[in-house]
Amino acid sequence: MENNEIEKKLESKNVKPTAMRTLVYKTLAESGKALSLAELEQRFEKVERSTIFRALKSFEDNFIVHTVDDGSGSVKYAVCDDECTCNIHDLHVHFYCTRCGRTRCMKELPIPNIKLPEGYTYDNAQFIINGVCPRCD
């Protein structure tokens, strides 16, 4: 993905495309998997953790990335589709490979709509499938 494409995407979501935000977005988009803050820190060794976190938080607040709690002990971040508003209808299944530790969005598998008992409402849902990915099989 070219930097000018990334800058346009960020601007379309009302996020100023700084050099660091562009790099963080490009890394997430090209990774093909959800990445944790620690994994991003390893890729940007000379950048402070707080700088990367602020970029991620800005992305999350503006529906550029969504968070995934895959049970690995750290929250991971994955790029949203262009039309995503991170509401309950945009939620999808995530697959966590127990061998390599990769977490992959399975956007083609939406989380089923669950009817909660009266008086209950939910803002978010996580649906994680644990197993072995094709790369490790």
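Note that residues are indexed from 1 along each chain, following the sequence as it is written. Local features are withheld for residues below a pLDDT of 70 in this predicted model, meaning they are given only at 70 or higher, and side-chain atom pairs are given and counted only at 80 or more; totals for whole chains, interfaces and linings count all residues. As a convention, hydrogens and water are excluded, and side-chain values are obtained from all of the structure's heavy atoms.

Draft legend 1. Region of interest: the overall build of the protein. Numbering of helices and strands runs from the N terminus, with a helix taken as a DSSP run of H or I at least four residues long and a strand as a DSSP run of E at least two residues long. Per the secondary structure count, the protein includes four helices and six strands. In the protein, the succession of α and β elements from N to C terminus is α-α-β-α-α-β-β-β-β-β. Radius of gyration: C-alpha atoms only; globule rule: 2.2 Å multiplied by the number of residues to the exponent 0.38. Over its C-alpha atoms the protein spans a radius of gyration of 16 Å, differing by no more than 12% from the 14 Å that the globule rule assigns to 137 residues. Its C-alpha atoms put the protein at 45 × 35 × 25 Å along the principal axes. Remark: exposure states derive from per-residue accessible area (1.4 Å probe, protein chains only) relative to the maximum for the residue type, with buried under 20%, exposed over 50%, and partly exposed in between. For the protein, buried positions account for 36% of its 137 residues. Residues count as neighbours in contact if any of their non-hydrogen atoms are within 4.5 Å of one another. In the protein, the proportion of contacts linking residues at least 24 apart, taken out of those at least 6 apart, comes to 53%. For the protein, the accessible surface area stands at approximately 8600 Å², while carbon and sulfur atoms represent 48% of it. Across the protein, 19 positive and 21 negative side-chain charges occur, with their mean positions spaced 4 Å apart. The method behind every accessible area is Shrake-Rupley, applied with a 1.4 Å probe, and residues are considered shielded solely by the protein chains displayed. Counted as positive: Lys and Arg. Counted as negative: Asp and Glu. His and the chain ends are not counted at all. Working definition for charges: the position is that of NZ of Lys, CZ of Arg, CG of Asp or CD of Glu.

Draft legend 2. Representation of the UniProt feature "binding site: Zn(2+)" (unreviewed entry) in the protein in the model. Listed under "binding site: Zn(2+)" (unreviewed entry) in the UniProt record, and renumbered for this structure, are Cys-97, Cys-100, Cys-133 and Cys-136. Taking the farthest pair of C-alpha atoms as the criterion, the annotated set spanning 40 residues converges on one region, since that pair is 8.3 Å apart. Structurally, the position occupied by Cys-97 is in strand S4 (residues 92-97). If sequence neighbours within four positions are ignored, Cys-97 has contacts with Arg-102, Gly-131, Val-132, Cys-133 and Cys-136. Relative to the assigned elements, Cys-133 resides in the segment after strand S6 (128-131). UniProt positions are given in the numbering used here, feature names are shortened, and annotations may be inferred rather than shown by experiment.

Draft legend 3. Representation of the environment of Lys-9 within the structure. Note on placement: Lys-9 falls in helix H1 (residues 3-12). Between the alpha carbons of Lys-9 and Gly-73 there is a distance of 30 Å; along the sequence they are 64 residues apart.

Draft legend 4. Up close: the sheet that holds strand S5 (residues 103-110). Pairing between strands requires that DSSP locate at least two bridges from one strand to the other. Read across the open sheet, the three strands follow the order S5-S4-S6; overall the sheet is mixed. The sheet is open, and its two edges are formed by S5 and S6, each paired on a single side. Here the strands of the sheet are splayed against their neighbours by 30° on average, with no regard to which way each runs. Of the pairings in the sheet, the one linking S4 to S5 comprises five bridges and is antiparallel in character. Each bridged residue has a counterpart across the sheet, and for Phe-95 the counterpart in S5 is Arg-104. Fitted lines through C-alpha atoms give the axes, limited to the stretch in contact for helices. The angle between two N-to-C directions lies from 0 to 180 degrees.

Draft legend 5. Local environment of the sheet that holds strand S1 (residues 35-36). Judged by pairing direction, the sheet is antiparallel, and its three strands sit side by side in the order S1-S3-S2 without closing on themselves. The sheet terminates laterally at S1 and strand S2 (65-68), the two strands that pair on one side only. The pairing of S2 with strand S3 (residues 76-79) spans four bridges and is antiparallel. The residue bridging His-66 from the neighbouring strand is Ala-78, located in S3. Each of S1, S2 and S3 touches helix H2 (residues 19-31); the most contacted strand, S3, lies at about 85° to it. Its contacts with the sheet put helix H4 (residues 49-61) on S2 and S3, and the angle it makes with S2 is roughly 105°.

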